[in-house]
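# Working through the structure, step by step
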Amino acid sequence: MGENDNKNTNGGSILWEGQCFALEDGDTKRLAVPVGDEDGADHYEALTPQPCGTIRRERVSLVPYFGLEDSEEYGAARAIPRGRGMVEAARMIAEAAHEGQVDMAGAPYIEHPAFVAARVRDLGGDTTAIAAAWLHDVVEDTPFTLDALSAVLPDDVVRTVDALTRRSGESYLDYVSRAGANDRARLVKVCDLAHNMDASRLGPMASSAETASRMERYREAMRILGAAPGPYHGHS
């Protein structure tokens, strides 16, 4: 995973502080992002997560979405508050990546990263930490890779997701220690663990010996991270 400034083959960088738009065309959801350089935006590109784990990036005109020409074949556009485009991109990628997945209680899995992202936000995490919270399970549990994320997201987000991703052959507690060395990853991991310790998410497994062992491992992880062990029952 190398350094990147989110450039595409046509040149230009994604200007994440600029005005972004969520586009919906039937079942297809895309994010239109401004692309340019230090002088400002040159054009918009649409980011579309693919089931195979890539993120398609292509030029898009916003004119039809705002009724300035025949727009019958186009869907809806929603302006994203400035400065929130990166978080919206992470949310969109996470929703596509976790589509169809459920947790142990049978709830849609996306509810977990949504909860963690909301908790990170409530605790004062910046937009990089919130974006990483949405994506914290994507590399381990879905076809999306760090390289795919790196093609569109800033390096700080990708580094944080990397710190939150357990590597092949890495022990669980070594992984937790590595996550704790990154301030943003530590915050995300504490929120992740707190939600994982909520027994209501475990369904029929809640009272099993396996779950008891898992909970002890989570408590040890919390101690490594310097956090008070225990579930968080707030609402996202």
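Residues numbered from 1 in each chain as written. Predicted model: local features only at pLDDT ≥ 70, side-chain atom pairs only at ≥ 80, totals over all residues. Heavy atoms only, no water.

## A short note on the pairing of strand β2 (residues 20-25)
- By the bridge criterion, five bridges tie β2 to strand β6 (residues 76-80) in an arrangement that is antiparallel. Within the sheet, the bridge partner assigned to Ala-22 lies in β6 and is Arg-78.
- Summarising the sheet, β2 and strand β3 (residues 28-37) pair through five bridges and their orientation is antiparallel. Paired with Phe-21 across the bridge in β3 is Ala-32.
- Following β2, the chain reverses through two residues before pairing antiparallel with β3; Gly-26 in that reversal takes a positive phi of roughly 65°. (Pairing = 2+ DSSP bridges. Helix = DSSP H or I, 4+ residues; strand = E, 2+ residues; numbered from the N terminus.)

## Topic: the confidence of the model for the protein
- When pLDDT is averaged along the protein, the result is 88, and 86% of the positions lie at 70 or above.
- Predicted confidence for residues 1-5 stays below pLDDT 50, and this span has 15 contacts to residues more than four positions away or in other chains.
- Predicted confidence for residues 232-236 stays below pLDDT 50, and this span has 10 contacts to residues more than four positions away or in other chains. (pLDDT = per-residue confidence, 0-100. Contact = heavy atoms within 4.5 Å.)

## Overview of the nonpolar core
- Trp-16, Val-120, Leu-135, Leu-149 and Leu-153 are the most contacted members of the largest nonpolar core, which totals 45 residues.
- The greatest single-element share of this core, amounting to eight residues, is contributed by helix α1 (residues 85-97).
- Sequence-distant contacts of Leu-135, that is, excluding residues within four places in its chain, are made with Ala-90, Ile-93, Ala-94, Leu-149, Leu-153, Val-157 and Val-161.
- Core analysis: the next-biggest nonpolar cluster, separate from the first, contains 14 residues, Ala-194, Met-215, Ala-221 and Leu-225 among them. (Core = buried A, V, L, I, M, F, W, Y, C linked by side-chain atoms within 4.5 Å. Buried < 20%, exposed > 50% of the residue type's maximum accessible area, 1.4 Å probe, protein only.)

## Observations concerning the pattern of salt bridges
- Following the criterion strictly, the structure yields 17 salt bridges and no others.
- Glu-216 is the salt-bridge partner of Arg-223, the closest N and O atoms lying 3.0 Å from each other.
- By relative accessible area, Glu-216 is classed as partly exposed at 37%.
- One network of salt bridges, in which partners are shared, links Asp-25, Arg-30, Arg-56 and Glu-58. (Salt bridge = Lys/Arg side-chain N within 4 Å of Asp/Glu carboxyl O.)

## Looking at the environment of Trp-134
- If you trace the backbone, Trp-134 turns up in helix α3 (residues 127-135).
- Relative accessible area serves as the criterion here: at 11%, Trp-134 is assigned to the buried category.
- Ignoring anything within four residues of it in the chain, the contact list for Trp-134 reads Val-87, Ala-90, Arg-91, Ala-94, Ile-110, Pro-113, Ala-114 and Ala-117.

## A few points about helix α2 (residues 111-122)
- Look at α2: 16 Å from first C-alpha to last across 12 residues, which is about the 16 Å you get at 1.5 Å a residue.
- Considered for burial, the residues of α2 that qualify are His-112, Pro-113, Phe-115, Val-116, Ala-117, Ala-118 and Val-120.
- Those residues of α2 that are buried are in contact with α3 and α8 (183-196).
- Phi for Gly-124, located one or two positions after α2, is positive at around 95°. (Expected span 1.5 Å × (residues − 1).)

## Considerations on the packing of helix α7 (residues 172-180) against α8
- One way to put it is that α7 packs onto α8 with a least axis distance of 7 Å and a crossing angle of 130°. Considering the angle they form, α7 stands oblique to α8. Residue-level inspection shows Tyr-172, Tyr-175, Ala-179 and Gly-180 of α7 in contact with α8, the latter providing Ala-185, Arg-186, Lys-189 and Leu-193. (Axes fitted to C-alpha atoms, helices over the stretch in contact; angles between N-to-C directions. Parallel < 35°, antiparallel > 145°, perpendicular 65-115°, else oblique.)

## Remarks on the packing of α3 against helix α6 (residues 155-163)
- Two elements in contact, α3 and α6, have axes separated by 9 Å at closest approach and are oriented at 45°. One finds that α3 runs oblique with respect to α6. Relative to α6, α3 is oriented so that their crossing is right-handed. Of the residues in α6, those in contact with Thr-128, Ala-131, Ala-132 and Leu-135 of α3 are Asp-156, Val-157, Thr-160 and Val-161.
- Looking at the contact of α3 with α6 residue by residue, the class counts come to five nonpolar, two polar and one charged. (Left-handed = near helix turned anticlockwise from the far one by under 90°. Nonpolar A, V, L, I, M, F, W, Y, C, P; charged D, E, K, R; others polar.)

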